[in-house]
Amino acid sequence: MAKARAPRKAAKKQPQPKKAAAARKRAGGANRRAAPDAARVDAILKALDRLYPTATCALHHRNAWELLVATILSAQCTDERVNMVTPRLFARFPSPEAMAKADVAEVAEIVRSTGFFNNKAKNIVGAAKKIVSDFGGEVPREMEKLLTVPGAARKTANVVLGTAFGIPSGVVVDTHVTRIAQRLELTRQKAPEKIEQDLMRTLPQERWILFSHQVIHFGRDICKARKPECGRCPLESICRAPDKNLP
Ligand code: SF4
């Protein structure tokens with residue numbers, strides 16, 4: 001009897017390159033990166049320590065409430081401009097209780113020069129109302145609670161928790177931290193939340209608060225958005241940023 005022919009094995013279907021890339025991306029693989037090596041991170045932190053050993057927040061404030069308000073006002077605005085506006089604002093409305101009863105139009109008029117003043121005023125008065133009604137007039141010390149306050153997204157919450165309470169809840173990711181973390185290859189991400197996750201994985205937690213302050217100073221002084229001053233940058237030898245600016 002003739003031997004029955006074994007059924008032919010179906011050839012294994014190879015994923016198409018485009019489909020494979022899409023699948024990797026869905027799984028997070030395309031954006032995954034090797035962590036920067038520890039020696040490199042250490043060199044970056046040491047250079048920042050030498051440059052800015054006592055860096056701190058440039059927004060003037062006397063308590064967590066004032067820092068929260070100043071941080072809301074600092075969106076798309078310089079800290080100097082915010083510092084010019086807040087003395088009058090806090091003299092007129094000195095507490096969350098007073099601000100909760102404020103007329104939004106009056107607050108908007110006081111903060112007009114910081115830009116986006118209608119939204120900022122609405123958020124500040126809304127934040128005051130929330131803090132008075134839900135948190136007994138005290139700025140909460142927990143990230144989850146702070147995120148329920150109008151105008152307080154993760155960046156603002158990290159500023160308040162880190163600077164006012166010394167709680168390392170995360171890394172403040174502003175425009176300077178975004179640009180410099182990318183230039184120094186501490187992240188390949190573009191979205192602030194993802195950049196923050198990369199930095200939280202890479203940096204020791206006890207450095208989270210100081211790192212943001214130092215990098216913000218570094219971004220203003222040396223590693224500027226346009227024409228960074230690479231000739232006087234202590235990180236020049238380890239920086240591979242494509243937009244380095246050397247003579
Ligand atoms: S070398 Fe230039 S681009 Fe690189 S970190 Fe220094 S200032 Fe920034």
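Everything that follows concerns the structure shown earlier in this document.
The structure contained in this document is the topic of the report that follows. Small disclaimer: the values here were computed from a predicted structure and weren't measured.

1. Focus on the overall build of the protein chain
And step 1. Helix and strand content of the protein chain: 12 helices and zero strands.
And step 2. Starting at the N terminus and ending at the C terminus, the protein chain contains elements arranged as α-α-α-α-α-α-α-α-α-α-α-α.
And step 3. Looking at the protein chain residue by residue over its 247 residues, the buried ones come to 43%.
And step 4. Counting only carbon and sulfur atoms, one obtains 54% of the accessible surface of the protein chain, whose full area is about 14,600 Å².

2. Let's talk about the nonpolar core
And step 1. Membership of the largest hydrophobic core comes to 41 residues, with the highest contact counts inside it found for Trp65, Leu89, Met99 and Val107.
And step 2. Looking at this core, the elements that each hand over two or more residues are α3 (64-73), α4 (79-92), α5 (96-100), α6 (104-110), α7 (117-135), α8 (143-146) and α9 (154-165).
And step 3. Top element by residues in this core is α3. It accounts for eight residues.

3. Focus: the side chain of Thr178
And step 1. Assignment of secondary structure puts Thr178 in helix α10 (residues 175-183).
And step 2. Note on Thr178: relative accessible area 17%, which makes it buried.
And step 3. Looking at Thr178, its side chain comes within polar contact range of the main-chain oxygen of Asp174, at 2.8 Å.
And step 4. For Thr178, the residues in contact, after removing those within four places along its chain, are Val173 and Ile195.

4. Description of the environment of Val160
And step 1. When you line up the elements, Val160 lands in helix α9.
And step 2. Between the C-alpha atom of Val160 and that of Arg141, which follows or precedes it by 19 residues, the distance is 8.6 Å.
And step 3. Look past the residues within four positions of Val160 in its chain and what remains in contact with it is Ala64, Leu67, Leu68, Val139, Leu146 and Phe165.

5. Side note on the environment of Arg81
And step 1. Take Arg81: it is sitting in helix α4.
And step 2. Sequence separation between Arg81 and Thr114 is 33 residues; the distance between their C-alpha atoms is 6.6 Å.
And step 3. With near-sequence residues (within four places) excluded, Arg81 lies in contact with Ser113 and Thr114.

6. Looking at empty space enclosed by the protein
And step 1. For the structure shown, the criterion picks out one cavity of 30 Å³ or more.
And step 2. Lining of the largest cavity is provided by 15 residues; of these, Cys223, Cys230, Cys233, Cys239 and Lys244 occupy positions nearest its centre.
And step 3. The residue makeup of the lining of the largest cavity, split by class, is 10 nonpolar, no polar and five charged.

7. Here we look at the site of the ligand
And step 1. Near the ligand the following residues occur: Arg183, Leu184, Phe218, Ile222, Cys223, Pro228, Cys230, Cys233, Glu236 and Cys239.
And step 2. Most atoms of the ligand, that is more than half of them, are within 2 Å of grid points of the largest cavity.
And step 3. Classifying every residue of the shell around the ligand gives eight nonpolar, no polar and two charged.

8. Brief notes about the packing of α3 against α9
And step 1. Between α3 and α9, the shortest axis-to-axis distance is 9 Å and the interhelical angle comes to 145°. α9 is crossed by α3, and the crossing has right-handed handedness. Contacts between α3 and α9 involve Ala64, Leu67, Leu68, Thr71 and Ile72 from the first element and Thr156, Val159, Val160, Thr163, Ala164 and Phe165 from the second.
And step 2. For the contact of α3 with α9, a count of residues per class yields eight nonpolar, three polar and no charged.

9. Some thoughts on the side chain of Thr86
And step 1. Mapped onto the secondary structure, Thr86 falls in helix α4.
And step 2. If we ignore the near neighbours within four places in the chain, the residues touching Thr86 are Ala70 and Leu73.

10. A look at the layout of surface pockets
And step 1. Taken as a whole, the largest pocket spans an internal volume of roughly 590 Å³.
And step 2. Together, 32 residues line the largest pocket, and Asp79, Lys155, Asp174, Ile216 and Arg220 are the ones closest to its centre.
And step 3. For the lining of the largest pocket, the elements supplying multiple residues, two or more each, are α4, α9, α10 and α12 (208-221).
And step 4. In terms of residues, the lining of the largest pocket owes the most to one element, α12, which gives seven residues.
And step 5. Tallied by class, residues from the lining of the largest pocket come to 12 nonpolar, 15 polar and five charged.
And step 6. When residues of the lining of the largest pocket are assigned to domains, at least three map to each of domain 1 (38-55 + 171-238) and domain 2 (64-165).

The rules behind these values
Residues numbered from 1 in each chain as written. Predicted model: local features only at pLDDT ≥ 70, side-chain atom pairs only at ≥ 80, totals over all residues. Heavy atoms only, no water. Helix = DSSP H or I, 4+ residues; strand = E, 2+ residues; numbered from the N terminus. Buried < 20%, exposed > 50% of the residue type's maximum accessible area, 1.4 Å probe, protein only. Areas by Shrake-Rupley, 256 points an atom, 1.4 Å probe, with all protein chains shown as cover. Core = buried A, V, L, I, M, F, W, Y, C linked by side-chain atoms within 4.5 Å. Polar contact = N/O pair within 3.5 Å; in protein donor to acceptor, adjacent residues only side chain to side chain. Contact = heavy atoms within 4.5 Å. 1 Å grid on protein atoms, 1.4 Å probe; cavity = no way out; pocket = protein on both sides within 12 Å on 5 of 7 lines; lining within 4 Å. Points joined across faces, edges and corners; volume = space filled by probe spheres on them. Nonpolar A, V, L, I, M, F, W, Y, C, P; charged D, E, K, R; others polar. Near = heavy atom within 4 Å. Sits in = over half its atoms within 2 Å of the grid points. Axes fitted to C-alpha atoms, helices over the stretch in contact; angles between N-to-C directions. Left-handed = near helix turned anticlockwise from the far one by under 90°. Domains from an automatic or database assignment.

As far as function goes, none of this settles anything; it's purely spatial.
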